[in-house]
Amino acid sequence: MRYLPLTPEDRASMLATIGAKSVDEFYTDVPDAARLKGKMGGLPDHQGELAVERHLTKLAAKNRSASSGPFFVGAGAYKHHVPASVDMIIQRSEFLTTYTPYQPEIAQGTLQTLFEFQTQVAALTAMDVANASMYDGSTACAEAAVMAARVTRRKKVILSGGLHPHYAAATRLLCEAQGLTVVQLPVAIDGEGDLSKAVDGETACVIGQSPNVFGTVTDLSGVASAAHEKGALLVSVFTEAVSLGMVTPPGEMGADIAAGEGQSIGNGLNFGGPYVGLFACREKLVRQMPGRLCGETVDADGNRGFVLTLSTREQHIRRDKATSNICTNSGLCALAFTSHMTLLGGKGLKQLAELNHEAAIELADALGAVKGVEVLTPRFFNEFAIRTPMDAEAVLAMLDEAGIVGGVRASRLFPGDHLGDVILVAATECTTADDIAAYADALREII
């Protein structure tokens, strides 16, 4: 739909109808000192459509595609192959243009896809029930923390030193807004086990991540036992959904809530979003779960049907009693996830996970063989941390000049934590043997 601005006559007619002389009368309650005088500083005047298109094209040309060369960036967003059939499905008009399925009688297709999404997420995480998606992994993590506080009636949340800092920041923001105390453990490459020592009788939940932000895979079963002994919950976080095809899922480690990012399956990098948050929990906690839950039922004639069973925002009549203010789900991204998962199946996901792990092992062997480079992550899936004898930012800049996107410097995620020589490196099924050789050769030349 094109934007058709109002004419001066249209505006005059509308103002006359409501009894206002000018638009300025709408702002009489705003102090004069707070009003903008003249043009907004620094912004150019409006331009025609062609001029704007040319300007945006120049800006877009500055971007570098993840497919333009060897690419080893992870840290919560991963480059995976997305089959063309996924885009074909999500661009069908009945999916692309739909919104929230309030009326089940005309939204059966949308409700069914969300129901299937929930089923897949519950199976992936080995949990009892999953909701119809969250905004992204960080908001899922934050909602898990406040949910745990509601369940336990406690106000202390403990974050692992290996939790992705973006997830930690989102969690801290939401928790502190609700009067909860957040305890962040020191940054640690292999720090999930520290959660067991930190939990006490006032703890609502401990939040651990596996694989964590440094790529370390950890069995959180011991953490779950320690938390449960103190009456607390374990929230198990993940940023790489493909890892669930190989590593032990949260439910099998005793987690009460699983929260993470589903971008890896069906969704491209998309310059940082939109993504799709995954959220699952034990059945006994379902009434406190945020977001929406689609359920299966039968109609008056006994035919299978789908409905919106749970809507915790209570946006219609009881907003003051809402357990969450998450106001919608990432429906199209969830559909992309479901489409890709359906194409893969259980066997395909396992094979995909194995390809990722194999590529990461080859990359770690190649980089670890470079003199002066140390692989820091003790157990990993498709991502790990390396230490270089030079400043990581300088190393990555020189790799970039060689056409290689070499990873993410840890100091960008953890400023001031003495990680200036550490780089987070990821490999997926898209990483080739030539990519790995090019990275190792370039690193050897630099160091």
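Everything that follows concerns the structure shown earlier in this document.
For clarity, every value in this text was computed on a predicted model and none was experimentally measured.

Participant: Before we move on, can you summarise unusual backbone geometry with the specific residues and values?
Facilitator: The peptide bond linking S210 to P211 adopts the cis configuration, its omega dihedral lying at -5°. Here P211 is to be found in the loop between β4 (203-209) and α9 (221-229). Residue P274 is reached from G273 by a cis peptide bond, and omega for that bond is 5°. With respect to the helices, strands and loops of the structure, P274 is situated in the loop between β6 (257-261) and β7 (277-281).

Participant: Can you tell me about the packing of aromatic side chains, naming the residues and giving the values?
Facilitator: Taken as a whole, this structure holds 5 aromatic pairs when the rule is applied. Between F117 and F337, the aromatic rings sit 5.4 Å apart at their centres with planes inclined by 75°, giving edge-to-face as the arrangement. Residue F117 is found in helix α5 (residues 108-125), and its partner F337 is found in helix α10 (residues 331-368); the two are separated by 220 residues along the sequence. According to the relative accessible area criterion, F337 is buried, its value standing at 0%.

Participant: Would you mind going over the layout of surface pockets in detail, with residue names and values included?
Facilitator: Here the largest pocket defines a volume of roughly 1300 Å³. Surrounding the largest pocket, 40 residues form its lining, F71, V73, A77, L269 and R412 being those nearest its centre. Elements with a minimum of two residues in the lining of the largest pocket: α6 (137-152), α7 (165-177), α11 (392-401), β12 (408-409) and α12 (410-413). Along the lines of polarity and charge, the residues of the lining of the largest pocket split into 16 nonpolar, 16 polar and 8 charged. Three or more residues apiece are contributed to the lining of the largest pocket by two domains, here domain 1 (67-81 + 349-446) and domain 2 (84-340). Empty space within the second largest pocket amounts to approximately 240 Å³.

Participant: Tell me about the pairing of β7, and name the residues and values.
Facilitator: For β7, the tally of buried residues reaches 5 of 5 residues, placing the bulk of the element in the interior. Burial along β7 is two-sided: G277, F279 and C281 and L278 and A280, pointing in opposite directions, are all buried. Judged from the 2 bridges that link them, strand β1 (residues 129-130) and β7 form a sheet pairing that is antiparallel. Looking at the pairing, V129 lines up with C281 of β7.

About the cut-offs
Residues numbered from 1 in each chain as written. Predicted model: local features only at pLDDT ≥ 70, side-chain atom pairs only at ≥ 80, totals over all residues. Heavy atoms only, no water. Helix = DSSP H or I, 4+ residues; strand = E, 2+ residues; numbered from the N terminus. Phe/Tyr/Trp six-rings, centres within 6.5 Å; stacked < 30°, edge-to-face > 60°. Buried < 20%, exposed > 50% of the residue type's maximum accessible area, 1.4 Å probe, protein only. 1 Å grid on protein atoms, 1.4 Å probe; cavity = no way out; pocket = protein on both sides within 12 Å on 5 of 7 lines; lining within 4 Å. Points joined across faces, edges and corners; volume = space filled by probe spheres on them. Nonpolar A, V, L, I, M, F, W, Y, C, P; charged D, E, K, R; others polar. Domains from an automatic or database assignment. Pairing = 2+ DSSP bridges.

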